[in-house]
Structures are given as structure tokens and as C-alpha cells.
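Close look at the chain arrangement
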Amino acid sequence: MLTYILTLITVFIVLQTNMPAPGMPEQPIRNYWEYIQDLLSQSEELRQTETLNRGKYSRTTNKKYPFDLFRSLNTRALIRACREAIQSAKEVGKRNNWSEEEISLKCEENISIVLEYCGILIEKSSDIDYLIHCMGGEQEEPELRLFLLKQCIPNKDYNSLFGIHFQALINNRKDEYQKILFAIVKRVNEKPKISIAGMEALYSFFSEQYQKCLEKDPVYQSYAIEKNEKIIPLWLENPQIPKPIEFTQIEISKLNRQLNEFITQLELKIKDKRQNNETVINKSKEILEKVYTTFPVAEKEQLKKLLSSRATEPEEKDDGGTS
């Protein structure tokens, strides 16, 4: 009898172990975008069930959450789903005679749906790098690249739940992230919208790094309290303000070298005759002006002269498209 009971328990455990996880498909996934839409339908059913059961029980056991359904997916699967979601948006747009702007908005909406829970599914650095490399991949879907770049810029209205997570994640992969942004900015034949987003993301990166570095410095912290002022990078140019500690100066010197490389690339976009997209040129000038007024720049007079000469030249209109 005891042997029989043990056998039943063993069979039960094996069956439970072999049962698919919540949201896990029994058949191979042929289209990840369609699969995610099915998961979202299940998620809505979970919400409705939770609403109906609310108040019926004083304690909830084995509660399920919508994001649990996505546990069977990984970053690569989600990126594949993004590509399929983009293709789906374009096919729907073509059938309905949508404008390019309408199709672009639908692509962005679909990508946002796919990546909503991506941030909490990432478990290792290679997953973050995979997303970062997608931004720089010339053969990658431009709509996906543009979406990812936009999500890297803090304090933007279009930041999603994914964007909040992504900004925190890339903070731990700063070197890789910066390398990809520089690669985007340096490309002469880069798609205009992506080139512009890359410049904005790199400027935002430097702004954040300077600020974080200086706000940790005890000398600047003390001075800010004494003067009741907010710490800004331009304090580094002011001889009336005490110098930060040596460690901070070393970090700032490294940032200054990287910033000078950024300035060089922005200048090339203005001067290089191969760069014939006026929208990109004007954005380069706009960001150079922000650099001039925000950061401690070594050759300020030279930069000022370049900006002044460019201001006198006539502007041409350009749509700044992704193609």
C-alpha cells in the first residue's frame, strides 16, 4: 500500500514538472508578434477575473500577474517580435492606404506593446548589449532603432515603462552604449532621423555623466550648500569656485576628452560636403550651441566662430525621413 501511494505521488510530481509554464506555448512559435497578442488577451482575462473576485476573499492565493505570462520569452524573442510587429503595421497601413506618418505611429505603438515588460525580463548584460547593438545595426529595422534611441533620453513625453527600465539598465553598460552612439553619430550615410536621435542621446548622455560626477564631489557639495545653488558643469570654468577633489578631476578629464570627440563629429557634420541633409546639419549646430552653453569647452572661441558663420548661411527644408 505504501509503495502504491509513493508511486502515485511520484507520477503526480512528474506530471506537474512537465506541465508548461503559464503562457508557455505547447507548439513552436511561428510568429512572436501574434503570440504576444495572444498573451495580452490572456492578460486582459486575468485582469477581468481579478476584478470579479475582488472583495470575495480576504486573502488571495496563487495570484497571477499579466507580466508572468511573458516569462517564457527572452530579449531575442522580443526583438524578433518587434520586427514582425513592424511588418504587420506596414501591411495594415498598406491595405488601408495610411500615410507614412500613420504607419510610423502604428509601428511605434506595436513596438511599445512588445517591449513593455522587457526591462523586468532581462537577466544578464548580454541582453542589454543586444538591445544596444540593435540601435547601431545598419541592417536593423529603422523604426526599431529609432524607438530604442528615443527611449534612452530621460524626461521625454514618449518614455514608456520599458524606457524607464532601459535607462537604468544602460547605466551599467555605459561604455558599450557610448560606443554605439558614437558609431551612429560618425556615419555620414546614416538615416537622418536616426542620426538626429543619436546626437540627442549622446548629448543627454554627457549631460547626465557630468552632472552625476560633480554632484558626488564633496567640495562641490559643500559649496552648493554654502551658496544655496545647484551644481552645474560650467562651475569647472569658474576660477572663483574651489576645484573638485583629484578623483573628480580625473573623471572630468576623461569626460572632457570624450566630449571633444563629440564636438569634432558635430563639426564634421556641419563642414563635410558629403553630409547634404540640412535637417541633420541644423540639428548638429543646435546641439553644438547647447554644448557651448552647458559644458566646459576648451576651444570656446573657435566653436563660437563656427556657430556664428553657420548662422549666416541660408537654410534648406528637409523632411529628415528615416529612409
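Residues numbered from 1 in each chain as written. Predicted model: local features only at pLDDT ≥ 70, side-chain atom pairs only at ≥ 80, totals over all residues. Heavy atoms only, no water.

1. Comments concerning the overall build of the chain
A count of helical and extended segments in the chain gives 14 helices and 0 strands. Along the chain, helices and strands appear, N-terminal first, in the series α-α-α-α-α-α-α-α-α-α-α-α-α-α. Looking at the 323 residues of the chain, the share that counts as buried comes to 41%. Within the chain, contacts between residues at least 6 apart in sequence are counted, and of these 68% link residues at least 24 apart. (Helix = DSSP H or I, 4+ residues; strand = E, 2+ residues; numbered from the N terminus. Buried < 20%, exposed > 50% of the residue type's maximum accessible area, 1.4 Å probe, protein only. Contact = heavy atoms within 4.5 Å.)

2. A closer look at the packing of aromatic side chains
All told, the structure shown has 10 aromatic pairs when counted by the stated rule. Between Phe147 and Phe162, the ring centres sit 6.4 Å apart and the planes meet at 20°, which makes this aromatic pair stacked. Residue Phe147 is found in helix α7 (residues 142-151), and its partner Phe162 is found in helix α8 (residues 161-170); the two are separated by 15 residues along the sequence. For the pair Phe147 and Phe162, one class covers both residues: buried. Plain terms: the ring middles of Phe206 and Phe262 are 5.8 Å apart, the flat faces sit at 25° to each other, and that makes the pair stacked. With Phe206 in helix α10 (residues 192-215) and Phe262 in helix α12 (residues 246-271), this residue pair connects regions lying 56 residues apart in the sequence. (Phe/Tyr/Trp six-rings, centres within 6.5 Å; stacked < 30°, edge-to-face > 60°.)

3. Considering the packing of helix α4 (residues 100-115) against α7
Where α4 meets α7, the closest approach of the two axes is 10 Å, and the angle between their N-to-C directions is 65°. Between α4 and α7 lies a crossing whose hand is right-handed. In contact with Cys107, Glu108, Ile111, Ser112 and Leu115 of α4, α7 contributes Glu143, Leu144, Phe147, Leu148 and Lys150. Counted by class, the contact of α4 with α7 contains 6 nonpolar, 1 polar and 3 charged residues. (Axes fitted to C-alpha atoms, helices over the stretch in contact; angles between N-to-C directions. Left-handed = near helix turned anticlockwise from the far one by under 90°. Nonpolar A, V, L, I, M, F, W, Y, C, P; charged D, E, K, R; others polar.)

4. A few points about the pattern of salt bridges
Tallying each qualifying case throughout the model produces 16 salt bridges. The salt bridge involving Asp127 is made with Lys124; its shortest N-O contact spans 3.8 Å. For Asp127, a relative accessible area of 11% gives the class buried. Accessibility expressed as a relative area gives 49% for Lys124, which makes it partly exposed. For the salt bridge of Lys186 with Glu261, the shortest nitrogen-to-oxygen distance reads 3.6 Å. (Salt bridge = Lys/Arg side-chain N within 4 Å of Asp/Glu carboxyl O.)

5. A short note on helix α11 (residues 218-227)
Along α11, the residues classified as buried are Tyr220, Tyr223 and Ala224. Buried positions in α11, seen along its axis, are confined to an arc of 100° and lie on one side of it. Exposed side chains of α11 directed beyond 90 degrees from the buried face belong to Ile225 and Glu226. Looking at the packing, one finds that the buried side of α11 touches α10. The residue sitting at the N-terminus of α11 and contributing the capping side-chain oxygen is Asp217; that oxygen lies 3.0 Å from the backbone nitrogen of Val219. Of the residues flanking the end of α11, it is Asn228, one or two places downstream, whose phi is positive at about 55°. (Arc of directions from axis to C-beta. Polar contact = N/O pair within 3.5 Å; in protein donor to acceptor, adjacent residues only side chain to side chain.)

6. Considerations on unusual backbone geometry
Its identity is not glycine, yet Asn97 carries a phi of approximately 55°, on the positive side. Along the chain, Asn97 falls in the loop between α3 (75-95) and α4. Owing to a relative accessible area of 71%, Asn97 belongs among the exposed residues under this scheme. Notably, Asn228 is not glycine yet its phi reads approximately 55°, a positive angle. Along the chain, Asn228 falls in the loop between α11 and α12. We classify Asn228 as exposed; its relative accessible area is 71%.

7. Some points on the side chain of Gln265
Counting through the fold element by element, Gln265 comes out in helix α12. Among residues more than four places away in sequence, those in contact with Gln265 are Val185 and Lys186.

8. Describing α8
Among the residues making up α8, those that are buried are Phe162, Gly163, Phe166, Leu169 and Ile170. Angular distribution of buried residues about the axis of α8 spans 125°; they occupy a single face of the element. Close packing links the buried residues of α8 with α4, α5 (118-121), α6 (125-136), α7 and α9 (174-186).

9. A look at the packing of α9 against α12
As a packed pair, α9 and α12 sit with axes 10 Å apart at the nearest point and diverge in direction by 20°. Here α9 is positioned roughly parallel relative to α12, judged by the angle of their axes. In terms of crossing hand, the pair formed by α9 and α12 is left-handed. Counted together, Gln178, Phe182, Val185 and Lys186 of α9 and Gln258, Glu261, Phe262, Gln265 and Lys269 of α12 form the full contact between these two elements. For the contact of α9 with α12, the class distribution of residues is 3 nonpolar, 3 polar and 3 charged. (Parallel < 35°, antiparallel > 145°, perpendicular 65-115°, else oblique.)

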